[in-house]
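What follows is each chain in one-letter form.
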Amino acid sequence: MVEGESKALWIIVATVFAVAAVAPAAHGQQGPCYFVFGDSVFDNGNNNALNTKAKVNYLPYGIDFPQGPTGRFSNGQNIPDVIAELAGFNDSIPPFAGASQAQANIGLNYASGAGGIREETSENMGERISLRQQINNHQSAIINAAVPRSRLRQCLYTINIGSNDYLNNYFLSPPTLARRLFNPDQYARSLIRLYRIYLLQLYTLGARNVALFSIGKIGCTPRIVATLGGGTGCAEEVNQAANIFNTKLKALVTDFNNKPGAKFTYVDLFSGNAEDFAALGITVGDRSCCTVNPGEELCAANGPVCPDRNKYIFWDNVHTTEVINTVVANAAFNGPIASPFNISQLVN
């Protein structure tokens, strides 16, 4: 996508968000159920009981969330929370950890902070639930609850995965086995090959309406700017590698749309730039809102936070604020960053 197109796209996003902010929520629930897979961007508490560095069930996380700290990697709502709201669900989709058996009829969130496509991704963080294990958890949940296949075919599925396969694998220092074995194109190909296998399993289990979120500009997160960007700007090597993955992910969506009944869509988190959010008054893109200790990426427990969180892109050194999550969810649900369908078209 050329720069002019990216600009135009995100100006539309800003407009969509402004309209969505005043539009009423969906009348009634669109689709019988909603299942969520992915990493910390979508996790809402599955890591709380794990032995892992990737858990955030403490303040200031959740400072703007009605239930306080839940394990969401933000100050407030995450993207699936907003999508559930837009799709007319009465409540957020609960985490798989601790959910009742019957909840599989309405939806479950299986996402796990530090989760990746490759099994060894984020070994440096401790315990986490890989995409393979998340889909196995889904299989167990729908079998145990005897959810009819006809119902599962009408549900919404959203997946956000891949960032950790770069941040906590390919670009780790010292170089990992993956980095020594693969150039960026080969690595992206290996990730997509695995992703395809897991998506086929999900399709076999009844998933038909599936939104695959791309990797964002992870080279521009404060963590990566400070380490691989030399502290001065985005690490272009990281962004370029992520973009190779995204190009192949888009092709994977096209492939799956050739399968009977499939409605897969690609959600573009990569093309937006910090300047594009300035139209919404979100002007601080070079640092976290919460206090992050040197060399860390998550908020310091009970540390001070910025007073005007609606002006910040980043909540901590990797994850976005509720205001950004809301912009992205609205843009994916109602319009321009999802293709060939927006998410509302998947559930209608």
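Criteria and thresholds
- Residues numbered from 1 in each chain as written.
- Predicted model: local features only at pLDDT ≥ 70, side-chain atom pairs only at ≥ 80, totals over all residues.
- Heavy atoms only, no water.
- Helix = DSSP H or I, 4+ residues; strand = E, 2+ residues; numbered from the N terminus.
- Buried < 20%, exposed > 50% of the residue type's maximum accessible area, 1.4 Å probe, protein only.
- Contact = heavy atoms within 4.5 Å.
- Areas by Shrake-Rupley, 256 points an atom, 1.4 Å probe, with all protein chains shown as cover.
- Lys, Arg positive; Asp, Glu negative; His and termini not counted.
- Charge placed at Lys NZ, Arg CZ, Asp CG, Glu CD.
- Pairing = 2+ DSSP bridges.
- Axes fitted to C-alpha atoms, helices over the stretch in contact; angles between N-to-C directions.
- Disulfide = S-S within 2.5 Å.
- Parallel < 35°, antiparallel > 145°, perpendicular 65-115°, else oblique.
- Left-handed = near helix turned anticlockwise from the far one by under 90°.
- Nonpolar A, V, L, I, M, F, W, Y, C, P; charged D, E, K, R; others polar.
- pLDDT = per-residue confidence, 0-100.
- Phe/Tyr/Trp six-rings, centres within 6.5 Å; stacked < 30°, edge-to-face > 60°.
- Lys NZ or Arg CZ within 6 Å of the ring centre and 35° of its normal.
- Salt bridge = Lys/Arg side-chain N within 4 Å of Asp/Glu carboxyl O.

1. Observations regarding the overall build of the chain
When you go through the chain residue by residue, the secondary structure sums to twelve helices and seven strands. Seen through its C-alpha atoms, the chain measures out along the principal axes to roughly 50 × 50 × 45 Å. When burial is assessed residue by residue, the chain has 57% of its 348 residues classed as buried. Sequence-distant contacts, at least 24 apart, represent 74% of the contacts inside the chain between residues at least 6 apart. Summed over all atoms, the accessible surface of the chain reaches about 14100 Å², with 53% contributed by carbon and sulfur. Charged side chains in the chain number 25 positive and 26 negative. The centres of these two groups are separated by 8 Å.

2. Digging into the side chain of Thr176
As for its placement among the helices and strands, Thr176 is situated in the loop between helix H5 (163–170) and helix H6 (177–181). According to the relative accessible area criterion, Thr176 is buried, its value standing at 17%. Residues within four places of Thr176 in sequence aside, it is in contact with Asn169 and Tyr170.

3. Considering the sheet that holds strand E4 (residues 263–267)
The strand order across the open sheet built from five strands is E1-E2-E3-E4-E7, with neighbouring strands paired in mixed fashion. The strands lining the two open edges of the sheet, one partner per strand, are strand E1 (34–38) and strand E7 (338–339). Contacting E1, strand E2 (156–160) and strand E3 (209–213), helix H2 (residues 79–86) crosses the sheet at an angle of about 165° to E1. Strands in contact with helix H7 (residues 184–204) are E1, E2, E3 and E4; relative to E2, the strand with the most contacts, it is inclined by about 165°.

4. Considering the state of the cysteines
What is meant by a disulfide is a covalent connection between two cysteines, made through their sulfur atoms. Scanning the entire structure with this criterion turns up four disulfides. One disulfide in the model links Cys220 with Cys234; its S-S distance is 2.1 Å. Sign of the S-S torsion, about 115° for the bond between Cys220 and Cys234, identifies this disulfide as right-handed. Of this pair, Cys220 sits in the loop between E3 and helix H8 (222–227) while Cys234 is found in the loop between H8 and helix H9 (236–256), placing the two residues 14 residues apart along the sequence. The exposure class of Cys220 is buried, given its relative accessible area of 18%.

5. Some words on the packing of H5 against H7
Contact geometry for H5 and H7: axes closest at 11 Å, N-to-C directions at 125°. The angle between H5 and H7 falls in the class oblique. The element H5 and its partner H7 pack so that their crossing is right-handed. Counting all contacts with H5, which are made through Asp165, Tyr166, Asn169 and Tyr170, the residues of H7 involved are Pro184, Tyr187, Ala188 and Leu191. Split by residue class, the contact of H5 with H7 holds six nonpolar, one polar and one charged.

6. Points about the pairing of E4
Of all five residues making up E4, four are buried, and the element is well covered by its neighbours. Both E3 and E4 contribute to a ladder of five bridges, which runs parallel. Bridging from a neighbouring strand, Val210 pairs with Phe264 of E4.

7. Observations regarding the confidence of the model for the chain
Fine structural detail should not be taken from predicted coordinates in areas where pLDDT scores are low. For the chain, the average pLDDT comes to 93, and 92% of its residues sit at 70 or higher. Within the chain, helix H1 (residues 3–22) has the poorest average pLDDT of any element, 46, and E1 the best, 99. Scored below 50 in pLDDT, residues 1–11 makes 19 contacts in the model with residues more than four places away or belonging to other chains. Considering only residues more than four positions removed or in separate chains, one finds that residues 18–24, a stretch of pLDDT under 50, has two contacts.

8. A word on the packing of aromatic side chains
A ring pair, where both rings are aromatic, is described by two values, the distance of the centres and the angle of the planes. Enumeration over the complete set of coordinates arrives at 17 aromatic pairs. Here Tyr58 and Tyr61 contribute two aromatic rings whose centre-to-centre distance is 5.4 Å and whose plane-to-plane angle is 85°, an arrangement assigned as edge-to-face. The class for Tyr58 is partly exposed, based on a relative accessible area of 23%. Taken together, the aromatic side chains of Tyr166, Tyr170, Phe171, Phe182, Tyr187 and Phe245 make up a single cluster linked through ring pairs. Positioned above the aromatic ring of Phe270, the side-chain terminus of Lys217 is 4.9 Å from the ring centre.

9. Remarks on the pattern of salt bridges
Tallied over the entire structure, the rule returns eleven salt bridges. Among the ionic pairs, Arg179 bridges to Glu237, the shortest N-O distance being 2.9 Å. In this pair, Arg179 is assigned in helix H6 and Glu237 in helix H9, connecting sequence segments 58 residues apart. Accessibility expressed as a relative area gives 29% for Arg179, which makes it partly exposed. Note that Arg189 is salt-bridged to Asp185, the shortest N-O span being 2.3 Å.

10. Focus on the environment of Asn48
Its place among the elements puts Asn48 in the loop between E1 and H2. Exposure remark for Asn48: the relative accessible area of 24% places this residue in the partly exposed category. Sequence separation between Asn48 and Phe314 is 266 residues, and the spatial gap between their C-alpha atoms is 22 Å. Each residue touching Asn48, except ones within four places of it in the same chain, is listed here: Lys55, Asn57, Thr70 and Gly71.

11. Quick notes on H5
For H5, the buried fraction is high: eight of the eight residues fall into the buried class. Taken together, the buried positions of H5 are Ser163, Asn164, Asp165, Tyr166, Leu167, Asn168, Asn169 and Tyr170. Turning to H5, the residues buried within the fold contact H6, H7, H8 and H9.

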